[in-house]
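# Residue-level structural notes
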Number of protein chains: 2
Amino acid sequence: MKQKLSIVKIGGNVIENQVGLEQFLLNFSKLEGLKILVHGGGKLATKLAAQLGIESQMSNGRRITDAKSLEIITMVYGGLTNKNIVAKLQALGTNALGLSGADGNTIKAHKRPIKEIDFGFVGDIDSIDSNFLDTLINTGITPVFCAISHDGKGQLLNTNADTIASEIAIGMSALFETTLYYCFEKKGVLKEVEDENSVIQHINTKTYSDLLKTKAIADGMLPKMENCFHALNNHVGKVCIGDISMLQPQTSLFTTITL
Amino acid sequence: MKQKLSIVKIGGNVIENQVGLEQFLLNFSKLEGLKILVHGGGKLATKLAAQLGIESQMSNGRRITDAKSLEIITMVYGGLTNKNIVAKLQALGTNALGLSGADGNTIKAHKRPIKEIDFGFVGDIDSIDSNFLDTLINTGITPVFCAISHDGKGQLLNTNADTIASEIAIGMSALFETTLYYCFEKKGVLKEVEDENSVIQHINTKTYSDLLKTKAIADGMLPKMENCFHALNNHVGKVCIGDISMLQPQTSLFTTITL
C-alpha cells in the first residue's frame, strides 16, 4: 500500500496576514504524515514594485511578467516569503526546506508561447522530479515551494502556485496516495457567494456539472475547479478546498472534491 | 579512504560582475568531484536598500543588521542571487540546490551577544548538519548556500559568507577530505599589495608567522587568513585563495595554505 502524502497550497491572501500565517503554519506543522507546502505570492511583490517605481505591465487586462517583475518575484517569493516560512516551520519542529523549481531541477517548465498575449517570463510546467522529492521527503524533509519554475537553460519563470501544487500532486501520485489541499480565505466552495457558511461539502464530477449548469460557481472559482479536476483525472486521490482551519482534525466545514 | 569534497566561496565583488559570474560558474561547473558553493552578497543589497530609502545603520564604523536590512538581505541574497546562480548552474549541467541555513536546518546559529556593539540580526554559527548535506551530495546535488543562518526559533540571521564556508568545510571534514577555496577579485595573497602578480604561492603556519612579523599581509586580508587557519586547525585539508581562474586545472597562480 502506498504511503499518504499531503500537498498543501496556501494562497497569497493568507500569507499577507501575519496572524493568519502563523496559525496556518501551526496547523500545517501538526498535520500528520508526509507533506509538501506550496505558497502563493500575495501583494508584497506588487507593493515592492510600486516602491521601486516599477509599473506592472498589463496586456488585455492580464499581468505580464517582464524582467524587472521577475526580479521582484524572485526576491519576494523565492527569498523573503520562502525563507521566513522555512525558518518559522523549523521553530515548530518541521524540518522544512525551501525550493524553487530550479533547485534540484524539481520543476522544469517552458516559457509560455506568444499567442495573442506575450505573458513574458511565465512558465508552463513540463515535468516534476518526483524521485528527488521522494528522496527528500524520506530524509525527513518537508519541501516548501515558491511559485517559480525554470526552463533548464538558466531562465527562472513565474508560475501559477495552484498549478505548481496540482502538478506536484499529480507527479507524486505514482509513488504516494496523494491529497491536494487548497487553503485560501474562504471556508470552501460556496453555494451563495455572499453567505460565508454556505459551503458545499462534497463535489464530484456529476454534481460539478450540475453546479456549472445552474451557474452556481463564481467566476473566480472556475480555474481553481478546473485545476482540481485536472488533478483528480491524473491520479490525485482527493482535493480539499477551505480556509486555514481545514488542516485541523476537528474541522468538518470545507469542500471535498472527488471524481 | 575518504572522498574528496570542494567547498568554494565566491565573493560579492565577483558576483556583481555579470561576465565574471558566468565565467566563474562555468569553471565551478567543470570542477570535478563533489562540491558545495557559498556565495557572498555584494553591493546589490546596499543598492536596493538605498532605492527603498533604508539607511544602513552603523555603530562605531561597523554595519548593523536591523530588521529592514535583514529583509533586504533575505530578498537579495536568499532570493535573487541564490536562485539565479542555481538556474545558471542547472543550465551548465550541475544539479544545484539553493539553501539558507534554515533550509533543512543545515546551519544553526545564535544572535551575536551584545557587548560594545549590538550588531542586530547577525548570527554566529553553532553547528552544521553534515549528515544531511552528505545525503544531498550523494543524491547528486550541489548545494549552493547564501550567507544566511537561523536560530531554530524562527529567526533568520545575517552571517559572514567566509565563515559559513569555513564552518561547512570543518563540519564536512569528518566525512570527506576537504579543500576550501576562497575565490575573490585578486590572484591570491599578495606580497606587494600594489603588484597584482606578487602572489605568495604557498603559506604555512611558519611562513604566515614570518609574514605577520614583517607586516607583509594587508589589513583586509587578516580576518580571511584567520578563517583559513581556523579551518586548517579543524581538519580541513587545504585552503586555496585566488581569482575565478583558480578553479581551472591549468592555473597555477594562486595561494595554497596548509598547516
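Residues numbered from 1 in each chain as written. Chains lettered and ligands numbered in written order. Predicted model: local features only at pLDDT ≥ 70, side-chain atom pairs only at ≥ 80, totals over all residues. Heavy atoms only, no water.

### A word on the interface of chain A and chain B
To keep it simple, the criterion reads: The contact criterion used throughout is that any non-hydrogen atoms of two residues lie within 4.5 Å. By buried area we mean the combined loss of accessible area, with a 1.4 Å probe, across both parts when two parts are placed together. Take a side-chain nitrogen of Lys or Arg and a carboxyl oxygen of Asp or Glu: if they are within 4 Å of each other, that pair is a salt bridge.
In this complex, chain A contributes 37 residues to the contact, which on the side of chain B involves 37 residues. Of all residues in chain A, the largest losses of buried area upon contact with chain B belong to Met75, Leu80 and Lys83 of chain A, amounting jointly to 20% of the total for that side. At the boundary of chain A with chain B, the tally comes to two salt bridges. Two residues, Asp103 of chain A and Lys83 of chain B, come together in a salt bridge whose shortest N-O distance is 2.9 Å.

### Here's the deal with the UniProt feature "domain: Aspartate/glutamate/uridylate kinase" (unreviewed entry) in chain A
As a reminder of what qualifies: UniProt positions are given in the numbering used here, feature names are shortened, and annotations may be inferred rather than shown by experiment. A run of H or I in DSSP counts as a helix once it spans at least four residues, and a run of E counts as a strand once it spans at least two, with each numbered from the N terminus.
Under the UniProt annotation, the feature "domain: Aspartate/glutamate/uridylate kinase" (unreviewed entry) is placed at residues 5–242 of chain A. Within the segment residues 5–242 of chain A, helix and strand shares are 39% and 24% respectively, and the terminal C-alpha atoms sit 18 Å apart.

### What to know about the packing of helix H7 (residues 205–213) of chain B against helix H8 (residues 221–232) of chain B
Relative orientation and spacing of two packed helices are given, respectively, by the angle between their axes and the distance between those axes. Residues and elements named next belong to chain B. Using the following cut-off: Note on geometry: axes are lines fitted to C-alpha atoms, helical ones only across the stretch in contact, with angles between N-to-C directions running from 0 to 180 degrees. Relative orientations are named as follows: roughly parallel for angles under 35 degrees, roughly antiparallel for angles over 145 degrees, roughly perpendicular for angles from 65 to 115 degrees, and oblique for any other angle. With the far helix as reference, a near helix turned anticlockwise by less than a right angle produces a left-handed crossing, and one turned clockwise produces a right-handed crossing. In this classification, Asp, Glu, Lys and Arg are treated as charged, Ala, Val, Leu, Ile, Met, Phe, Trp, Tyr, Cys and Pro as nonpolar, and every other residue, Gly included, as polar.
At a minimum axis separation of 13 Å, H7 and H8 run at an interaxial angle of 160°. Classified by the angle their axes make, H7 and H8 are roughly antiparallel. Note that H7 runs across H8; the crossing there is left-handed. Contacts between H7 and H8 involve Thr205, Tyr208 and Leu212 from the first element and Leu222, Met225, Glu226 and Phe229 from the second. When grouped by side-chain class, the residues that make up the contact of H7 with H8 number five nonpolar, one polar and one charged.

### Structural notes on the relation of the copies chain A and chain B
Cut-off, in case you're wondering: Here the copies are superposed with least squares, the fitted atoms being C-alpha atoms of residues at a pLDDT of at least 70 in both.
Rotating chain A by 180° and translating it 0.0 Å along the rotation axis places it on chain B, where the RMSD comes to 0.0 Å. Given the turn and translation reported, the copies of this chain are related as if by a two-fold rotation axis. When C-alpha positions in chain A are compared against the rotation axis, the closest is assigned to Gly79 of chain A, at 1.8 Å. With an isologous cut-off of 70% or more, the 100% of interface residues of chain A that recur at the interface of chain B puts this contact in the isologous class.

### Here's the deal with the packing of aromatic side chains
Note on aromatic pairs: each is described by the distance of the centres and the angle between the planes. Rules: Aromatic pairing here means that ring centres of Phe, Tyr or Trp (its six-membered ring) are within 6.5 Å. Orientation follows from the plane angle: under 30 degrees is stacked, over 60 is edge-to-face, and everything else is tilted. Accessibility here uses a 1.4 Å probe with only protein chains present; expressed as a share of the type maximum, an area under 20% marks a residue as buried, one over 50% as exposed, and anything in between as partly exposed. Placement of a charge over a ring requires the Lys NZ or Arg CZ to be within 6 Å of the ring centre, with the centre-to-atom vector within 35 degrees of the ring normal.
Summed over all chains, the structure comprises four aromatic pairs over all chains. Consider the rings of Phe24 of chain B and Phe28 of chain B, whose centres lie 6.0 Å apart with planes at 20°: the pair is stacked. Here Phe28 of chain B and Phe24 of chain B lie together in helix H2 (residues 18–30), a separation of four residues that amounts to about one turn. Each ring, one from Tyr208 of chain B and one from Phe229 of chain B, has its centre 4.7 Å from the other, and the planes form 25°; the classification is stacked. With Tyr208 of chain B in helix H7 and Phe229 of chain B in helix H8, this pair connects stretches of sequence that are 21 residues apart. Across the pair, exposure class does not vary: Tyr208 of chain B and Phe229 of chain B are buried alike. Lying across the ring of Phe119 of chain A, Arg112 of chain A places its NZ or CZ 4.9 Å from the centre.

### Thoughts on the sheet that holds strand E14 (residues 255–257) of chain A
Residue and element names in this part refer to chain A. Threshold: Any two strands are treated as partners once DSSP identifies two or more bridges connecting them.
One open sheet accounts for eight strands, arranged E5-E8-E2-E1-E11-E13-E14-E12; its pairing is mixed. Two strands bound the open sheet, and with one partner strand each, they are strand E5 (96–99) and strand E12 (202–203). Sheet topology places strand E11 (residues 176–183) next to strand E13 (residues 238–242); five bridges connect them, and they run parallel. Within E13, the position partnered with Thr179 by the bridge is Lys238. Relative to the sheet, helix H6 (residues 161–172) contacts strand E1 (3–10), strand E2 (34–39), strand E8 (142–145) and E11, its axis offset from that of E11 by approximately 170°.

### Structural notes on the UniProt feature "site: Transition state stabilizer" (unreviewed entry) in chain A
Residues and elements named next belong to chain A. Let me state the cut-off plainly: Contacts described as polar in this section are N or O atom pairs within 3.5 Å, which, within protein, must combine one atom able to donate a hydrogen with one able to accept it, while residues neighboring in sequence count only if both atoms come from side chains.
In the numbering used here, UniProt assigns the feature "site: Transition state stabilizer" (unreviewed entry) to Lys9 and Lys224. Considering the C-alpha atoms alone, the annotated residues occupy 216 residues of sequence yet fold into one spot, their largest mutual distance being 11.7 Å. Position of Lys9 relative to the elements: it lies in strand E1. If we ignore the near neighbours within four places in the chain, the residues touching Lys9 are Val38, Gly40, Ala161, Asp162, Ala165, Tyr181, Tyr182, Cys183 and Lys224. Within the structure, the side chain of Lys9 is placed 2.7 Å from the side chain of Asp162, a separation counted as a polar contact. Within the secondary structure, Lys224 sits in helix H8 (residues 221–232). Judged by its relative accessible area of 11%, Lys224 falls in the buried class. Contact partners of Lys224, with chain neighbours within four places excluded, come to Lys9, Asp162, Tyr182 and Phe184.

### Description of the pattern of salt bridges
Residue and element names in this part refer to chain B. Here the structure, examined in full by the defined rule, presents 18 salt bridges over all chains. Between Asp162 and Lys9 there is a salt bridge, with the nearest N and O atoms lying 2.7 Å from each other. Here Asp162, found in helix H6 (residues 161–172), pairs with Lys9, found in strand E1 (residues 3–10); they are 153 residues apart in sequence, far enough to count as distant. With a relative accessible area of 10%, Asp162 lands in the buried category. On the basis of relative accessibility, which here comes to 9%, the residue Lys9 falls in the buried class.

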